[in-house]
Amino acid sequence: MAFNYLLARHEALNPLSRPYASPAYYEVYFNAPPPCMIEDGKTSLLDDIIELGSNILFGDPSSIRFRVKGVDLPQRQLETQPRFAEGPMRLMPYGLVYSTMNMEIVESDQYKIRQFFEEWHAKIFSNKNNYGVEYYDRLVADKLTIVAFASSGIPTRIWEMKEAYPIAINTSQMSWDAQNQYLVINIELAFHEWESREPTVADYANVAIDAAHGEVARRIGNIL
């Protein structure tokens, strides 16, 4: 069927559904900090930092959320080898390869975002431990989650990257010409594997809780 622009424009008028997915409707968070970042049952670096802090009143108390400007959806590729049993070559799959992914995070005024990942790297590989490497189970976070939303604000798809950790803290440019801009921290993440799924009832409940949290924060801001 040929593309019908009139039909597409008509579908775009529906306030609850759009014909195309928008790459601007999403959120990203770690389900919990890695074990190596937890001391005495708490992560001191996250205290009193809104974009990093664990929230005991709304949502998952162990999740770590960021102001993510941009993120890559995860990639996966089949490893194959040629087979010439009969006729033309067939590519026979024998394994999966998961590439790394990039995440751009808006930095806080106190540079806590970069500090968080710098400290994570220091826990993984540090001269304080004679340049020893931390155990794998302690250096990885349980999950990095990406939630995609429809234009109505309803979650539509979820990707979960298991055993995620930062393998690179990339450069961020400082400039005197950037007076009215914000700094972005570029992080490259590795993970073991990823899965995608449809949202559950609990995911819908978290959206409602986050919306209530945002309304409370807005009202507090108005009062202040």
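Provided above is the structure to which this section pertains.
In what follows, the accompanying structure is described. Just so it is clear, the structure is predicted and the values come from calculations on it, not from any experiment.

The rules behind the values
- Residues numbered from 1 in each chain as written.
- Predicted model: local features only at pLDDT ≥ 70, side-chain atom pairs only at ≥ 80, totals over all residues.
- Heavy atoms only, no water.
- Helix = DSSP H or I, 4+ residues; strand = E, 2+ residues; numbered from the N terminus.
- Buried < 20%, exposed > 50% of the residue type's maximum accessible area, 1.4 Å probe, protein only.
- Contact = heavy atoms within 4.5 Å.
- Phe/Tyr/Trp six-rings, centres within 6.5 Å; stacked < 30°, edge-to-face > 60°.
- Lys NZ or Arg CZ within 6 Å of the ring centre and 35° of its normal.
- Expected span 1.5 Å × (residues − 1).
- Arc of directions from axis to C-beta.
- Pairing = 2+ DSSP bridges.
- Core = buried A, V, L, I, M, F, W, Y, C linked by side-chain atoms within 4.5 Å.
- Salt bridge = Lys/Arg side-chain N within 4 Å of Asp/Glu carboxyl O.

Time to look at the overall build of the protein chain. Counting its secondary structure elements, the protein chain contains four helices and twelve strands. In the protein chain, which comprises 224 residues, the share counted as buried stands at 28%. Relative to all contacts within the protein chain whose residues are 6 or more apart in sequence, the contacts with residues 24 or more apart total 65%.

The next thing to look at is the packing of aromatic side chains. Taken as a whole and assessed by the stated rule, the structure comprises nine aromatic pairs. A ring pair is formed by Tyr98 and Phe191, whose centres lie 6.1 Å apart and whose planes are at 70°; its orientation type is edge-to-face. Separated by 93 residues along the polypeptide, Tyr98 in strand β5 (residues 90-98) and Phe191 in the loop between β11 (184-190) and β12 (193-197) bring together distant segments of the chain. The class of Phe191 is buried, set by a relative accessible area of 9%. Relative to Tyr165, the ring of Tyr136 lies with its centre 6.5 Å away and its plane at 85°, an arrangement referred to as edge-to-face. Separated by 29 residues along the polypeptide, Tyr136 in helix α3 (residues 136-139) and Tyr165 in strand β10 (residues 155-169) bring together distant segments of the chain. A residue is classified by how much of its surface remains accessible, and Tyr136, at 37% relative accessible area, is partly exposed. Judged by relative accessible area, which is 21%, Tyr165 ranks as partly exposed. Linked through ring pairs, Phe30, Phe66, Phe116, Phe117 and Trp120 together constitute an aromatic cluster. Positioned over the ring face of Tyr29 is Arg65, at 4.2 Å from the centre of the ring. Directly above the aromatic system of Trp194 lies the positively charged group of Arg76, at a separation of 4.1 Å from the ring centroid.

Turning next to helix α2 (residues 112-124). In a regular helix each residue adds 1.5 Å, so 13 residues correspond to 18 Å; α2 covers 18 Å between its end C-alpha atoms and thus fits that length. Inspection of α2 places Ile113, Phe116, Phe117, Trp120 and Ile124 among the buried residues, and these make up the whole buried set. One side of α2 carries all its buried residues, which in axial view fall inside an arc of 85°.

Both strand β4 (residues 76-83) and β5 contribute to a ladder of eight bridges, which runs antiparallel. From the neighbouring strand, Leu78 faces β5, where its bridge partner is Leu96. In sequence, β4 turns back onto β5 through a hairpin of six residues, with Gly87 there showing a positive phi of about 65°.

Phe30, Phe66, Ile105, Phe117, Trp120, Leu144 and Met161 are the most contacted members of the largest nonpolar core, which totals 31 residues. Mapped onto this core, the elements with two or more residues apiece are β1 (26-30), β6 (101-106), α2, β9 (141-149), β10 and β11. If one sorts the elements of this core by residue count, α2 sits on top with five residues.

Let's shift gears to unusual backbone geometry. Phi is positive for Tyr111, close to 55°, though the residue is something other than glycine. Phi is positive for Glu163, close to 55°, though the residue is something other than glycine. Within the secondary structure, Glu163 sits in strand β10.

Bringing the pattern of salt bridges into the picture now. Under the defined criterion, the tally for this structure stands at seven salt bridges. Glu27 serves as the salt-bridge partner of Arg65, at 2.8 Å between the closest nitrogen and oxygen. Here Arg65, found in strand β2 (residues 64-65), pairs with Glu27, found in strand β1; they are 38 residues apart in sequence, far enough to count as distant. Judged by its relative accessible area of 23%, Arg65 falls in the partly exposed class. Note on Glu27: relative accessible area 22%, which makes it partly exposed. Within the structure, one salt-bridge network assembled from shared partners comprises Lys143, Glu160 and Arg197.

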